[in-house]
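# Fold and contact review
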Amino acid sequence: MTLTPAFVSQLKTLKLGGVLDSLDVRLTQARDSQLGYLEFLQLLLQDEIERRRAQSLKLRLQRASFEQPKTLEDFDFSAVPGLNPAAVRDLASGLFIARHEHVLLYGPPGTGKTHLAQALGHHACRIGHSVLFLKAAQCLRTLHAARADNSWESALRRLLTPDLLILDDFGLKPLTLTQAEDFYEVVAERHLRGSIIVTANRAPADWLALFPDPVMANSALDRLAHTAHHLVIKGESYRKRLRPQLNTATTAP
Ligand code: ADP
Ligand code: MG
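Residues numbered from 1 in each chain as written. Chains lettered and ligands numbered in written order. Predicted model: local features only at pLDDT ≥ 70, side-chain atom pairs only at ≥ 80, totals over all residues. Heavy atoms only, no water.

### Some points on the site of ligand 1
In the vicinity of ligand 1 lie 16 residues, with D76, G110, K113, T114 and H115 positioned nearest. Between ligand 1 and G110, the relevant distance is 2.7 Å, taken from an oxygen atom to a main-chain nitrogen or oxygen of the residue. In the environment of ligand 1, an oxygen atom lies 3.1 Å from a nitrogen or oxygen atom belonging to the side chain of R239. If ligand 1 stood free it would expose 560 Å²; the protein chains cover 89% of that surface. Taken atom by atom, the bulk of ligand 1 overlaps the largest pocket. Looking at the shell around ligand 1, the elements with two or more residues in it are α6 (113–126) and α11 (239–242). The greatest single-element share of the shell around ligand 1, amounting to 3 residues, is contributed by α6. Here the shell around ligand 1 is composed, by residue class, of 6 nonpolar, 5 polar and 5 charged. (Near = heavy atom within 4 Å. Polar contact = N/O pair within 3.5 Å; in protein donor to acceptor, adjacent residues only side chain to side chain. Areas by Shrake-Rupley, 256 points an atom, 1.4 Å probe, with all protein chains shown as cover. 1 Å grid on protein atoms, 1.4 Å probe; cavity = no way out; pocket = protein on both sides within 12 Å on 5 of 7 lines; lining within 4 Å. Sits in = over half its atoms within 2 Å of the grid points. Helix = DSSP H or I, 4+ residues; strand = E, 2+ residues; numbered from the N terminus. Nonpolar A, V, L, I, M, F, W, Y, C, P; charged D, E, K, R; others polar.)

Structure follows, in structure tokens:
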């Protein structure tokens, strides 16, 4: 069958232009396997559903602005024996997002915190959630800058809209009063309405000291800790393993 311009235009009018990608293959299959009309139509519609799913996942992953496309499939659990893979896989199921719970991920540098946070974000995107990944420092910088041009409300809204907000590397440095206020706002506004994943090199018990005002610190940390899953990572930096291996083999003179 030759495709007429009218047929192509009909598909495009119905925003079904993607059907053209698999039409040839499906027509051949229909002929070879003598598919019924309904079977053929069903296959084409299924292709379209798959295409739309893939397209919306791609969009969610782009909007999440991950630094790297990390997943649990490429996480080596044997490198972190203290971490329970079942607990991490449970989190990847996304139930904590549906329940508006938080995740605190902490441990020494290089032990996979950013990897795991992005992987949980990736899996959340796969099941249809909206995600935003940000370095905590960048998040606080953006809010600070937004105060100067009166766009603070909309900057805050951008942090409140996604189902899951990931703040990476919280508490590298003590917070200024404005940063502490902004962090409190993000936590208080998202609390019970959305989820937050925070990664940090320090344990939450040491976060209090990062705030200039203990009352605000307690209000923010109490909300975060209240419904948080704690993933404590111990061990050696994985970065050592990623270093290019020197070729120590000697060659005969
Ligand atoms: P952290 O955020 O704890 O400092 P990263 O998540 O940035 O550490 O990990 C550093 C590098 O090592 C990244 O490329 C990450 O993908 C990799 N990595 C860390 N831990 C693991 C692991 N258990 N399995 C696979 N890759 C890992
Ligand atoms: Mg990190």
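And the narrative resumes.
### Description of the packing of aromatic side chains
By the definition in use, this model includes 6 aromatic pairs. Between the aromatic rings of F170 and F211, the centroid separation amounts to 6.4 Å while the plane-to-plane angle is 45 degrees, which identifies the pairing as tilted. On the criterion of sequence distance, the pair formed by F170 in strand β3 (residues 164–170) and F211 in the loop between β4 (195–200) and α10 (214–226) is long-range, its members being 41 residues apart. An aromatic cluster is defined as three or more aromatic residues linked by ring pairs; in this entry it consists of F170, F183, W207 and F211. (Phe/Tyr/Trp six-rings, centres within 6.5 Å; stacked < 30°, edge-to-face > 60°.)

### Some details on the environment of R190
Structurally, R190 is set in helix α9 (residues 177–190). Of the residues examined, R190 reaches a relative accessible area of 2% and is grouped as buried. For the pair formed by R190 and V8, sequence separation is 182 residues and the distance between their alpha carbons is 46 Å. Filtering out sequence-adjacent residues up to four positions away, R190 remains in contact with L159, L160, T161, P162, D163, L164, L165, S195 and I196. A polar contact of 2.7 Å, which involves the side chain of R190, links it to the backbone oxygen of L159. (Buried < 20%, exposed > 50% of the residue type's maximum accessible area, 1.4 Å probe, protein only. Contact = heavy atoms within 4.5 Å.)

### Let's talk about the layout of surface pockets
Considering only enclosed or pocket space, the largest pocket measures out at about 570 Å³ in volume. Lining the largest pocket are 27 residues; nearest its centre among them are G110, G112, H115, Y238 and R239. Taken together, the elements giving at least two residues each to the lining of the largest pocket come down to α6, β3 and α11. Its volume calculated, the second largest pocket comes out at about 210 Å³. What lines the second largest pocket is A136, A137, L140, R141, D169, F170, G171, L172, K173, P174, L175 and Q179. Listing elements by their share of the lining of the second largest pocket, those giving two or more residues are α7 (136–148) and β3. (Points joined across faces, edges and corners; volume = space filled by probe spheres on them.)

### Observations concerning the nonpolar core
Residues F170, F183, W207 and F211 are the most contacted members of the largest nonpolar core, which totals 33 residues. Secondary structure elements with two or more residues in this core: β1 (102–106), β2 (131–135), α7, α8 (152–160), β3, α9, β4 and α10. Not counting residues up to four positions away in its chain, the partners in contact with F183 are L140, L167, F170, F211, A220 and L224. (Core = buried A, V, L, I, M, F, W, Y, C linked by side-chain atoms within 4.5 Å.)

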